[in-house]
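Below are the chains, spelled out letter by letter.
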Amino acid sequence: MKTIGLIGGMSYESTLSYYEIINKITNEKLGKLHSAKIILSSVDFEEIEECQRKNDWQKASLILTHHALLLEKCGVDFILICTNTMHKCYDVIAKSIKTPILHITKAMLLELQSQNIDKVLLLGTKYTMVENFYKQLLLDSKIEVFIPRNDDILKVNDIIFNELCKGIVKENSKQYFNDLIAQFSQVQGVILGCTELGLIIKENSKKLFDSAYIHAKMAALKALE
């Protein structure tokens with residue numbers, strides 16, 4: 001079994017999901033009392049969120065590279081950045097270490113292709129929805145990506161940071177997401193492109209593609225190869 005390195009804490013709520021998913025899949029595959037070999041290096045999310053607000057992605061990259069180097073020194077076989085938004089720093093981090101990093105969008109792309117999905121609604125932080133660091137991999141593979149209008153982008157971002165990252169799940173926010181998704185009748189599925197969104201969007205008439213689950217599942221299966 002390979003050892004998985006996790007850069008977590010963005011937020012701690014979604015990192016809990018990663019840990020649980022990886023261990024559950026490992027135990028399902030191996031049985032008995034087996035669990036995954038995981039080393040977690042967890043950031044202070046307040047520092048990362050401040051970098052995001054100030055558009056200081058260079059500092060954010062340095063912080064995450066530091067954690068990646070710590071995991072590398074521990075001898076992990078590969079690393080996951082347990083968040084979608086901070087894959088904006090992926091290239092900088094990957095160039096700074098020798099250990100491979102499993103890209104969250106590549107995991108998502110493989111899942112979409114396996115289900116013949118080519119029209120999706122992307123929900124996530126405003127950075128993930130508006131910028132191309134996440135979407136471009138999908139667009140390059142002929143997957144049509146829809147995002148909400150600007151006022152909804154801001155609303156989704158607000159719910160993520162002021163509710164979900166703090167472990168708060170409100171019924172009116174659940175209804176808001178149901179109503180938002182219903183506006184996109186042309187899509188086949190919805191990418192939960194923020195690792196916290198799986199906490200609030202659990203059922204829908206559209207297929208849901210939970211980035212945290214898909215990323216964690218890829219890690220668990222890779223560790224067992």
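Residues numbered from 1 in each chain as written. Predicted model: local features only at pLDDT ≥ 70, side-chain atom pairs only at ≥ 80, totals over all residues. Heavy atoms only, no water.

Trainee: Would you mind showing me how to read the environment of Leu139 here?
Mentor: By the secondary structure assignment, Leu139 is in helix α7 (residues 132-140). Under the relative-accessibility criterion, Leu139 is labelled partly exposed at 36%. (Helix = DSSP H or I, 4+ residues; strand = E, 2+ residues; numbered from the N terminus. Buried < 20%, exposed > 50% of the residue type's maximum accessible area, 1.4 Å probe, protein only.)

Trainee: Any chance you could explain the packing of helix α2 (residues 45-53) against helix α3 (residues 57-73) here in plain terms?
Mentor: If you want to describe how two helices pack, look at the angle between their axes and the distance between the axes. Running from N to C, α2 and α3 cross one another at 155°; their axes reach a closest spacing of 8 Å. Here α2 is positioned roughly antiparallel relative to α3, judged by the angle of their axes. Crossing of α2 against α3: the hand is left-handed. Between α2, through Glu47, Ile48, Cys51 and Gln52, and α3, the contact on the second element is made entirely by Trp57, Lys59, Ala60, Ile63 and Leu64. Partitioning the contact of α2 with α3 into residue classes produces six nonpolar, one polar and two charged. (Axes fitted to C-alpha atoms, helices over the stretch in contact; angles between N-to-C directions. Parallel < 35°, antiparallel > 145°, perpendicular 65-115°, else oblique. Left-handed = near helix turned anticlockwise from the far one by under 90°. Contact = heavy atoms within 4.5 Å. Nonpolar A, V, L, I, M, F, W, Y, C, P; charged D, E, K, R; others polar.)

Trainee: Could you clarify how one ought to interpret the sheet that holds strand β1 (residues 3-8) in this entry?
Mentor: The strands that make up a sheet pair up through hydrogen bonds in the backbone, lying either parallel or antiparallel. Overall, parallel pairing links the three strands, which are arranged β2-β1-β3 in an open sheet. With partners counted over all chains shown, the strands left at the sheet margins are β2 (37-42) and β3 (78-81), one partner each. Going across the sheet, the axis of each strand differs from the next one's by a mean of 25°, ignoring polarity. The pairing of β1 with β2 spans six bridges and is parallel. The residue bridging Thr3 from the neighbouring strand is Lys37, located in β2. Against the sheet, helix α10 (residues 211-223) makes contact with β1 and β3, and its axis sits at roughly 170° relative to β3, the strand it touches most. (Pairing = 2+ DSSP bridges.)

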